[in-house]
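# Structural overview for review
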Amino acid sequence: MKEFLIYLFEANVALLMFGAFYYFVLRKDTHFAMRRLYILSMTLFSLILPLLHFSLSFDAGNKAAVKSIQTLMLPEIVITAGSVQENAGLVESTTLGWVSILYIIGTAILGIWFFFQIGQVMWFFLNSRTRIERYRDHTLIYTNGTLPTFSFFRLLFLDNSIPLSEDEKKCVVEHELAHIRQLHSLDILLLESVKILFWMNPVCWYFRNEIQDLHEYLADEKIIQQTSTEDYSSLLAKMALNKAHLSIGHHFNKSKTLKRIQMMKTTKTTLKRWKFAAMVPILGLILLVFSCNDEAMQDMQEVVDSSTMSAELPADVQAKMDELQEQHPDAKFNYIVTDMTNEEKVREMKERDPNTIAWMNVIKDEDGNGSLGMIVKVNGTLKQVGDMTKDGEVFTVVEDPATPVGGYPEFMNYLARNLKYPEQARNLGVEGKVYIQMVVTEDGGITDVKVVKGIGAGCDNEAVRVIENSPSWNPAKQRGKAVKQKVVLPIVFSLGNVADTDEMPKPVNDQEMKISWSKDGDLVVGHIRKAENKPLPGVNVILAGTNTGTVTDLDGTFKIPANSGDEIVFSFIGFETKKIKVD
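Think of each chain on its own: its residues are numbered from 1, step by step along the sequence as written. Confidence filtering applies because this is a predicted model: local features only for residues at pLDDT of at least 70, side-chain atom pairs given and counted only at 80 or more, and all residues used for totals across whole chains, interfaces and linings. Values reported for side chains reflect all heavy atoms of the structure, with hydrogen atoms and water molecules removed beforehand.

### Re the sheet that holds strand β21 (residues 523-529)
Sheet strands associate in pairs through backbone hydrogen bonding, adopting either a parallel or an antiparallel arrangement. As a reminder, the rule being used: Paired strands are those between which DSSP finds at least two bridges. To qualify as a helix, a DSSP run of H or I must reach at least 4 residues; to qualify as a strand, a run of E must reach at least 2; elements of each kind are numbered from the N terminus. The angle between two axes is taken between their N-to-C directions and runs from 0 to 180 degrees, where each axis is a line fitted to C-alpha atoms and a helix contributes only its stretch in contact.
Strand order in the open sheet formed by 3 strands is β20-β21-β24, with antiparallel pairing between adjacent strands. Looking along the sheet, the strands with just one partner apiece sit at the ends: β20 (514-520) and β24 (557-561). Here the average twist between neighbouring strands, direction ignored, is 20°. Pairing between β20 and β21: 7 bridges, direction antiparallel. By the bridge assignment, I515 is partnered in β21 with I528.

### Here we look at the nonpolar core
Under the convention used in this document: Nonpolar core, defined: a set of buried Ala, Val, Leu, Ile, Met, Phe, Trp, Tyr and Cys residues in which side-chain atoms within 4.5 Å join the residues together. The rule is simple: take the accessible area with a 1.4 Å probe, protein chains only, and divide by the maximum for that residue type; under 20% is buried, over 50% is exposed, in between is partly exposed. Here, residues are in contact when the closest pair of their heavy atoms is within 4.5 Å.
Residues F18, Y38, I39 and F198 are the most contacted members of the largest nonpolar core, which totals 37 residues. Looking at this core, the elements with two or more residues in it are α1 (2-26), α2 (32-48), α5 (184-197), α6 (202-224) and α10 (279-306). It is α1 that provides the largest number of residues to this core, a total of 13 residues. Sequence-distant contacts of F18, defined by excluding residues within four places in its chain, comprise Y38, M42, F45, S46, F207, M279, I282, L283 and I286. I436, V449, W473 and V487 belong to the second-largest nonpolar core, a separate cluster that totals 29 residues.

### Focus on the pattern of salt bridges
The cut-off we apply is this: A pair is scored as a salt bridge if a Lys or Arg side-chain nitrogen falls within 4 Å of a carboxyl oxygen belonging to Asp or Glu.
In total, this model carries 8 salt bridges according to the counting rule given. Among the salt bridges present, the one from R181 reaches E174, with a minimum N-O distance of 3.8 Å. Judged by its relative accessible area of 22%, E174 falls in the partly exposed class. The residue E192 makes a salt bridge to R208 at a minimum N-O spacing of 2.7 Å. Placement of the pair is E192 in helix α5 and R208 in helix α6, with a sequence separation of 16 residues. Salt bridges sharing partners connect three or more residues here, namely D137, E174 and R181.

### What about helix α7 (residues 229-239)?
One turn of an α-helix holds 3.6 residues; hence residues three or four places apart share an orientation. Just so we agree on the cut-off: By arc we mean the arc of the directions from the helix axis to the C-beta atoms, nothing more.
Residues Y232, S233, L235, L236 and M239 constitute the buried set of α7. Relative to the axis of α7, the buried residues are bounded by an arc of 160° and lie together on one face. Opposite its buried face, α7 presents the exposed residues E230 and D231, each directed more than 90 degrees away.

### Things to note about a nonpolar patch on the surface
The test is simple: Exposure above 30% relative accessible area and the lack of any salt bridge qualify a residue for a patch; like charges then connect within 9 Å, and the nonpolar side chains Val, Leu, Ile, Met, Phe, Trp and Tyr within 5 Å. For every accessible area listed, the method is Shrake-Rupley and the probe measures 1.4 Å; residues are considered covered only by the protein chains on display.
Residues W98, I101, I105 and I109 make up a contiguous nonpolar surface patch of roughly 440 Å² in combined accessible area. Looking at the secondary structure, you find W98 in helix α3 (residues 94-127).

### Observations regarding the packing of aromatic side chains
For clarity, the cut-off: Note on ring pairs: Phe, Tyr and Trp rings are taken, using the six-membered ring of Trp, and paired if centres are within 6.5 Å. Classes follow the plane angle, with under 30 degrees stacked, over 60 edge-to-face and the rest tilted. Whether a charge sits over a ring depends on NZ of Lys or CZ of Arg being within 6 Å of the ring centre and within 35 degrees of the ring normal.
For the coordinates displayed, the defined rule picks out 18 aromatic pairs. Ring geometry for F411 against W473: centres 5.3 Å apart, planes inclined by 75°, an arrangement best described as edge-to-face. Of this pair, F411 sits in helix α13 (residues 408-418) while W473 sits in strand β16 (residues 473-474); the two residues are 62 residues apart in sequence, bridging distant segments of the chain. You'll find F411 and W473 in the same group, each marked buried. What links up through ring pairs into an aromatic cluster is the set F21, Y22, Y23, F24, Y38, Y206 and F207. Taking the ring centre of Y23 as reference, the NZ or CZ of R27 above it sits at 4.0 Å.

### Regarding a negative patch on the surface
For clarity, the threshold we go by: We count Lys and Arg on the positive side and Asp and Glu on the negative side, and we leave His and both chain ends out. Just so you know, the charge point we use is NZ for Lys, CZ for Arg, CG for Asp and CD for Glu.
There is a patch of like negative charges on the surface, built from E166, D167, E230 and D231. Among the secondary structure elements, those contributing two or more residues to the negative patch are α4 (166-181) and α7. Relative to the assigned elements, E166 resides in helix α4.

### Overview of the confidence of the model for the protein chain
Our working rule: In predicted models, pLDDT denotes the confidence assigned by the predictor to each residue on a 0 to 100 scale.
For the protein chain, mean pLDDT is 75; residues scoring 70 or higher make up 69% of the total. The element-level mean pLDDT for the protein chain is lowest in strand β12 (residues 395-396), coming to 36, with α5 highest at 95. Counting contacts from residues 497-509, a segment whose pLDDT is below 50, to residues more than four positions away or on other chains yields 24 contacts.

### Quick notes on the packing of α13 against helix α15 (residues 459-468)
To keep it simple, the criterion reads: Roughly parallel means an angle under 35 degrees; roughly antiparallel means over 145; roughly perpendicular covers 65 to 115; every other angle is labelled oblique. For any pair of crossing helices, the crossing counts as left-handed if the nearer helix is rotated counterclockwise from the farther one by less than a right angle, and right-handed if it is rotated clockwise. We call Asp, Glu, Lys and Arg charged. Ala, Val, Leu, Ile, Met, Phe, Trp, Tyr, Cys and Pro are nonpolar, and the rest, Gly among them, are polar.
The contact between α13 and α15 brings their axes to 11 Å, and the two run at 130°. One element, α13, and the other, α15, form an angle in the oblique class. With respect to the hand of their crossing, α13 and α15 are arranged in right-handed fashion. For the pair α13 and α15, contact is made by F411, Y414, L415 and N418 and by E462, R465, V466 and I467, respectively. Of the residues in the contact of α13 with α15, the class split is 5 nonpolar, 1 polar and 2 charged.

### Structural notes on the pairing of strand β15 (residues 446-453)
Pairing geometry for strand β14 (residues 432-440) and β15, over 5 bridges, is antiparallel. Paired with Q437 across the strands is K450, a residue of β15. Counted along the chain from β14 to the antiparallel partner β15, the turn is 5 residues long, and its residue G444 has a positive phi close to 90°.

### Some details on unusual backbone geometry
Not every positive phi belongs to a glycine, and F153 is a case in point at roughly 55°. Within the secondary structure, F153 sits in the loop between β6 (150-152) and β7 (155-158).

### A short note on the environment of E462
Let me state the cut-off plainly: Within 3.5 Å is the distance limit for a polar contact, defined as a pair of N or O atoms, with the added protein rule that one can donate a hydrogen and the other accept it, and that residues adjacent in sequence qualify only through two side-chain atoms.
Of note, E462 is situated in helix α15. For the pair formed by E462 and L419, sequence separation is 43 residues and the distance between their alpha carbons is 7.0 Å. With residues up to four places along the chain from it excluded, the contact list for E462 reads N418, L419, K420 and P422. In this structure the side chain of E462 is engaged in a polar contact, spanning 2.8 Å, whose partner is the side chain of R465.

### Description of the environment of L235
Here L235 lies in helix α7. Measuring from C-alpha to C-alpha, the distance between L235 and E168 comes to 6.9 Å, with 67 residues separating the pair along the chain.

### Topic: the pairing of strand β25 (residues 567-571)
Summarising burial for β25: 4 of the 5 residues are buried, a large majority. Judged from the 4 bridges that link them, strand β22 (residues 540-543) and β25 form a sheet pairing that is antiparallel. Bridged to L543 within β25 is I568. Alignment of β25 against strand β26 (residues 578-581), held across 4 bridges, turns out to be antiparallel. In the strand pairing of β26, I568 is matched with I580.

Below is the structure:
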């Protein structure tokens, strides 16, 4: 729901800006076809633009968004001038819930009314006892006064109860045929749908009314090419005595008659080129606003690039990895290891493309059990350095991630008691997100605490100070043995309107993750969500008994190679560990 609300926000911003431009620059222009084109194209542009992700940053070092976040990201916490709060991802936002309910109710009411009107038209057409005449490009339906004259797609409803001469009837029919031939009903459906989706935005209602007026002006232009303006104006006045009821149709007698007559007599102005040039800064401003959201993703990428979740590699393996990376700076290497007793996995490793294998070794532990390890290039062969990294890549992860002693709630309580908003940052009005990286050692100690991305003004130092003095953790485990693991904690320093309180954060019990998956050849692909149906990125996904694994990406999806009978383990801080068996 959060992603959808972000989409709604961005689309509404675009509609408001395009609507303001239309009102102040194009509203009085007499080029009706151009105004119609503007409303339709900018409405569609507003719907599509938020779906595109881009950045206006000129930093050449920025990288493309990653498919998988290879890091253990803890839920972020918010530091205010007087309290520590858990992120909205852990505590349900009441305000957000009420906004969502209000939006759904408004959308439902408008949607029901819209389909009710369509149902009225179709009911009358299918159940009409009056005369129906079918032509090549339309169907003429006589209403006998039950409904006014209007058109909807290729259906032309004619109120034959009004006494009209043959010439007047011809004008009325030709007017409605102009609507049909210019596909005006498609415009109505589009803008009605947008109004339902963005009903809280006044521009949607304004565009909806404008497009119907423009349709009438365009249809009138066709008629006055065949008859005099005076005769046609008289016909409009005559038809205006009746009222219409279906807003989705194009009613000959519903429109603003005086305004239509005035438009017919208005001298057409020349098209001003500066109006098109004025669109450039508007588009630039919209792109700038939208890029701000993507810049937040760039921040996450910077953290991800410098923090990889993995078990500590043996010294010889790490040395070989460093050597290969130096030889092939654009390549992506991963170290894979499997138990020698697992014949199927060993066979799979041996059947790999030899051109992707950079190095192999056999490892024996203290009990004499052997493992086969290899360094492979995951983005193509060694002869094709620079290929893009493939989705569903395999890399070393840990089966059981590190956790705070006493659980995550106790760790949050520790932060609440010790983190303080720096006086310097408060005085300067500095706020933002600090990413702290730390290494949890085999004995649960905290080492190598550093700022991956900070905001300065004392906030970085305060975050490092508190993390360095934090209680011990339960170390990560790989195949039952404790190993080192890198962990990243986002800390938000905010001076926003958050009520001061001395109340501690509420404990977070183990939440349940929702896992949906399917078998796709040699891969298991799936999606993981939280209880409130939000995507859950960064979930540790590992093939039980091996070092083969992955983590869910930003939208909660994952891919992992697995065969029937394999067991996949899913774990994440604050969530109940789950296992599935591949059928």
